[in-house]
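# Breakdown of the fold
Now for the letters of each chain:
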Amino acid sequence: MQSLIMKSSKEAVQSAAKEFLQFVNRGVSPYHVVEECRRCLLDAGFIELKEAEKWEIKPSSKYFVTRNFSSIIAFAVGGQYLPGNGFSMIGAHTDSPCLRVKPRSKRTKQGCLQVGVECYGGGIWNTWFDRDLTIAGRVMVKSGGKLIHRLVHVSRPLLRIPHLAIHLQRDINDSFGPNKENHLVPIIATAVQEELETGCSSSGDACSAANTTEKHHPSLVKVLSSELGVENEALLDFELCLADTQPGALGGVYEEFIYSPRLDNLHSCYCALKGLLESCSGDSLNEDPNIRMITLYDNEEVGSESAQGAQSNLTELILSRLSASSSNLTAFQQAAPLSFMISADMAHAVHPNYQEKHEENHRPSFHKGPVIKFNSNQRYATTAVTASVIREVASKAGVPLQDVMVRNDSPCGTTIGPILAARLGIPVVDIGAPQLSMHSIREMCCTSSVLQSITLFKGFFELFPAIRSTLVVD
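The shown structure was predicted, so the numbers you read here are calculated from the model rather than taken from an experiment.

Criteria and thresholds
Residues numbered from 1 in each chain as written. Predicted model: local features only at pLDDT ≥ 70, side-chain atom pairs only at ≥ 80, totals over all residues. Heavy atoms only, no water. Helix = DSSP H or I, 4+ residues; strand = E, 2+ residues; numbered from the N terminus. Phe/Tyr/Trp six-rings, centres within 6.5 Å; stacked < 30°, edge-to-face > 60°. Buried < 20%, exposed > 50% of the residue type's maximum accessible area, 1.4 Å probe, protein only. Lys NZ or Arg CZ within 6 Å of the ring centre and 35° of its normal. Expected span 1.5 Å × (residues − 1). Arc of directions from axis to C-beta. Disulfide = S-S within 2.5 Å. Pairing = 2+ DSSP bridges. Axes fitted to C-alpha atoms, helices over the stretch in contact; angles between N-to-C directions. Core = buried A, V, L, I, M, F, W, Y, C linked by side-chain atoms within 4.5 Å. Contact = heavy atoms within 4.5 Å. 1 Å grid on protein atoms, 1.4 Å probe; cavity = no way out; pocket = protein on both sides within 12 Å on 5 of 7 lines; lining within 4 Å. Points joined across faces, edges and corners; volume = space filled by probe spheres on them. Nonpolar A, V, L, I, M, F, W, Y, C, P; charged D, E, K, R; others polar.

Moving on, we get to unusual backbone geometry. Across the junction of Asp-264 and Asn-265, the peptide omega takes the value 20°, indicating a cis bond. Inspection of the secondary structure puts Asn-265 in helix H6 (residues 263–279). Although it is not a glycine, Gln-378 adopts a positive phi angle of roughly 70°. Considering the arrangement of structural elements, one finds Gln-378 in the loop between strand S16 (371–373) and helix H9 (384–397).

This part is about the packing of aromatic side chains. Counted by the stated rule, this structure contains 13 aromatic pairs. Measuring from ring centre to ring centre gives 5.8 Å for Phe-257 and Phe-366, while their planes differ by 55°; the resulting arrangement is tilted. Residue Phe-257 is located in strand S12 (residues 257–260), and its partner Phe-366 is located in the loop between strand S15 (347–348) and S16; the two are separated by 109 residues in the primary sequence. Accessibility expressed as a relative area gives 16% for Phe-257, which makes it buried. By the ring-pair criterion, three or more aromatic residues cluster together here, those being Phe-340, Phe-460, Phe-461 and Phe-464. It is Arg-100 that lies over the ring of Tyr-120; its NZ or CZ is 3.8 Å from the centre.

In this model, H9 (14 residues) spans 20 Å end to end at C-alpha, consistent with the 20 Å of a helix rising 1.5 Å per residue. Among all positions of H9, only Thr-386, Ala-387, Val-389, Ile-390, Val-393 and Ala-394 are buried. For H9, the arc enclosing every buried residue in end-on projection is 160°, short of the 170-degree limit, so these residues lie on one face. Opposite the buried face of H9, by more than 90 degrees, sit the exposed residues Ala-384, Ser-395 and Lys-396.

What follows concerns the state of the cysteines. Counted by the stated rule, this structure contains 0 disulfides. Left unpaired, Cys-40 is separated from the closest cysteine sulfur, that of Cys-37, by 6.6 Å. Of all cysteine sulfurs, the one in Cys-98 lies closest to Cys-241, which takes part in no disulfide; the gap is 3.9 Å.

Right, let's get into the sheet that holds strand S13 (residues 291–297). Strand order in this open sheet of 9 strands is S1-S2-S3-S13-S4-S14-S18-S16-S17, and the pairing throughout is mixed. Edge positions in the open sheet fall to strand S1 (47–49) and strand S17 (402–404), since each of these has one partner strand only. With direction set aside, neighbouring strand axes in the sheet form an average angle of 25°. Sheet topology note: the S16/strand S18 (residues 428–432) ladder contains 2 bridges and is antiparallel. Within S18, the position partnered with Ile-372 by the bridge is Ile-431.

So, on to the nonpolar core. Of all hydrophobic cores here, the largest spans 61 residues; its most connected members are Ile-90, Ile-258, Ile-294 and Ile-342. In contact with Ile-342, other than residues within four places in its own chain, are Met-89, Ile-90, Gly-91, Ile-390, Val-429, Ile-431, Phe-457 and Phe-460. In this structure, Tyr-120, Trp-128, Leu-159 and Leu-224 belong to the second largest nonpolar core, which totals 34 residues.

Reported here for the largest pocket is a volume of approximately 1,100 Å³. Elements represented by at least two residues in the lining of the largest pocket include exactly S15, helix H10 (416–424) and strand S19 (434–436). Looking at side-chain class alone, the lining of the largest pocket contains 15 nonpolar, 14 polar and 8 charged residues. For the second largest pocket, the calculated volume is near 530 Å³. Every residue lining the second largest pocket is counted, 20 residues in all, and those nearest its centre are Glu-194, Thr-198, Ser-219, Lys-222 and Val-223. Per-element tally for the lining of the second largest pocket: the top contributor is helix H5 (residues 218–228), with 6 residues. Its residues assigned to classes, the lining of the second largest pocket comprises 8 nonpolar, 7 polar and 5 charged.

Tallied over the full model, the rule gives 2 cavities of 30 Å³ or more. Forming the boundary of the largest cavity are 22 residues, of which Ser-96, Pro-97, Cys-98, Trp-128 and Arg-262 lie nearest the centre. If you list the elements that add at least two residues to the lining of the largest cavity, you get helix H2 (30–43), strand S5 (98–109) and strand S10 (235–244). A per-element tally of the lining of the largest cavity places S10 first, with 4 residues. When grouped by side-chain class, the residues that make up the lining of the largest cavity number 12 nonpolar, 6 polar and 4 charged. Estimates place the volume of the second largest cavity at around 50 Å³. Along its surface, the second largest cavity is lined by His-267, Ser-268, Ala-344, Met-346, Pro-370, Ile-431, Gly-432, Ala-433, Ser-453 and Phe-457. For the lining of the second largest cavity, the secondary-structure elements that each account for two or more residues are H6, S18 and helix H11 (448–468). Its residues assigned to classes, the lining of the second largest cavity shows 6 nonpolar, 4 polar and no charged.

As structure tokens, this is what we get:
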């Protein structure tokens, strides 16, 4: 077993895991994930670009651009880069399944003030019951004649979705399937307490509401305006996620586990970001003929079909813009087959209580390395070629790898990998760290997976051009 675990000290493993926990605890919405990435990139000397402006890109320089402030692409230009050379890419996604506040959220039942929410993605919704929830996301504010995007995260518990007592549903332990419209409605206050606090009581719903402040309970509006330091009337619209207030933490008797929300897929986002940053800290970028890039997209959990999703034109526009050359009009077309993308998304570790759910020869375990995902029906984009390339990278970087494939009688999830492989014509490998409880409000992975993934991704950026030069296929 010891030989299968990357030979790093426990201190290094735990240090990497604790740094990741800071990232995931701050990344309470896709907008906060992008803000955290932006902060790290600026601290590392990356230059922020705007899609609507002209770019002056220079070798051995580092840049990033956001779209919708929920997707971000960061890249470092190799010192030997020429238009037509390849792109070394890692893709992941910034969103996770959650509940989101409805545009008209005001609901009142049996003296309880409630907040209407919409299910985003495929969450295990029964895990959202009896959790101390809060809100986080972005708010559009009108200030000084401008429409300004502001981030908000209320740290204290505001909301709760209480279970119905077992005495009133004796079969709950045999079958629990809440009605997502009627039963997943959090309580924010009681009408009685609101009247005691404010002198008036909110009631009814928001069917006839004419403005933002009427579409939601005054207590929710007041919290938002107070957090942002604006008047209620300045609030225009918002996109708010519900989030668990319990922070991610190390767990297990040996502190070998990470218990946290949003592991899928902030683990991959963080490791891709760190891999890029660490690969740029030495001299290897100056000798690199490629552009090193991470692409972190929103809306993967709902199909990626949005202006800021992997199915959008964002990646193609960025790559063609960076490849553009008056002296080489086919530079982008030449670059595609010389490029490579790691589609990084979490993988299913074998569950000790449900081992029969896993294909008997493909049962990824904790501590044994990132997992290459295979599916002949193209739910994953891995091919023999792309798997061979990442195995070569991992061998040189000293990182163990595992394989996974679902059973023939089991459905298979998918990732941004097939989308980008088809859209860009770039070779893609699907890979991810093993985890349990995927899409629960609290997920679980092992601490060693953070350092293993960072080491693999850093090695990929530094080693891919040389490995690509040895590849003989087309």
